[in-house]
Amino acid sequence: QVQLVESGGGLVQAGGSLRLSCAASGRTFSSYAMGWFRQAPGKERDFVAYITRSGGSTIYADSVKGRFTISRDNAKNTVYLQMNSLKPEDTAVYFCAAEVPGQIPRDDRGYDYWGQGTQVTVSS
């Protein structure tokens, strides 16, 4: 199994940047594709970004494409989400998750393990 812990959230002004980190335990980190999801108050959890096991391919939600970048460092057992040009509508709790092999990247039902989440708040 994999244990995940997010960090790096905080309060920023619109147009600013944050880098979220997700630290994973376990020797099998590189065996999992990873995703980032977010949930705003009163809203359903939404897909944000996805990265394959090797880091060779990525997928982004239309709302963040061109502004956010997902990456991973398997040697450090860590996945990152670089967030630039932040907007107030990006305000949410951000979660990282480890995917069950063979599932649909955008579907949160395909992820076995989840972190506790980190709050990102963007002021106008």
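Throughout what follows, the structure given in this document is the object of discussion. (Residues numbered from 1 in each chain as written. Predicted model: local features only at pLDDT ≥ 70, side-chain atom pairs only at ≥ 80, totals over all residues. Heavy atoms only, no water.)

1. Let's talk about the overall build of the protein
The secondary structure content of the protein amounts to zero helices and 11 strands. Secondary structure elements in the protein, listed N-terminal to C-terminal, are β-β-β-β-β-β-β-β-β-β-β. With respect to the three principal axes, the spread of C-alpha positions in the protein is 40 × 25 × 25 Å. Across the 124 residues in the protein, those meeting the buried criterion constitute 40%. When contacts within the protein are restricted to residue pairs at least 6 apart in sequence, long-range pairs at least 24 apart make up 57% of them. (Helix = DSSP H or I, 4+ residues; strand = E, 2+ residues; numbered from the N terminus. Buried < 20%, exposed > 50% of the residue type's maximum accessible area, 1.4 Å probe, protein only. Contact = heavy atoms within 4.5 Å.)

2. Quick look at the state of the cysteines
Applying the stated criterion to the full structure yields one disulfide. A sulfur-sulfur separation of 1.9 Å characterises the disulfide bridge that pairs Cys22 with Cys96. With the S-S dihedral at roughly 55°, the linkage between Cys22 and Cys96 falls on the right-handed side. Within this pair, whereas Cys22 is found in strand 3 (residues 18–25), its partner Cys96 is found in strand 9 (residues 92–99), the two being separated by 74 residues in sequence. Cys96 shares its class with Cys22; the two are buried. (Disulfide = S-S within 2.5 Å.)

3. Re unusual backbone geometry
A positive phi is found at Asn77, a non-glycine position, where the angle reads about 50°. The topology assignment puts Asn77 in the loop between strand 7 (68–73) and strand 8 (78–83). Classification of Asn77 by relative accessible area gives partly exposed; the value is 21%. A positive phi angle, near 50°, is found at Ser85, a position not held by glycine. Structurally, Ser85 is set in the loop between strand 8 and strand 9. On the basis of relative accessibility, which here comes to 41%, the residue Ser85 falls in the partly exposed class.

4. Regarding the nonpolar core
The biggest cluster of nonpolar side chains holds 35 residues, and the ones touching the most others in it are Met34, Trp36, Leu81, Met83 and Tyr94. Of all elements in the fold, only strand 3, strand 4 (34–39), strand 5 (46–51), strand 7, strand 8, strand 9 and strand 11 (118–123) reach the threshold of two or more residues within this core. (Core = buried A, V, L, I, M, F, W, Y, C linked by side-chain atoms within 4.5 Å.)

5. Details of the pattern of salt bridges
Applying the stated rule across the entire model yields four salt bridges. Linking Arg45 and Asp108 is a salt bridge whose minimum nitrogen-to-oxygen distance equals 3.0 Å. Pair noted here: Arg45 is in the loop between strand 4 and strand 5 and Asp108 is in the loop between strand 9 and strand 10 (111–114), with a separation of 63 residues, a long-range link. The exposure class of Arg45 is partly exposed, given its relative accessible area of 29%. A salt bridge links Arg109 to Asp107, with the nearest nitrogen and oxygen atoms 2.9 Å apart. Among the residues examined, Arg109 registers a relative accessible area of 72% and is labelled exposed. A network of salt bridges, in which partner residues are shared, links Arg38, Arg67 and Asp90. (Salt bridge = Lys/Arg side-chain N within 4 Å of Asp/Glu carboxyl O.)

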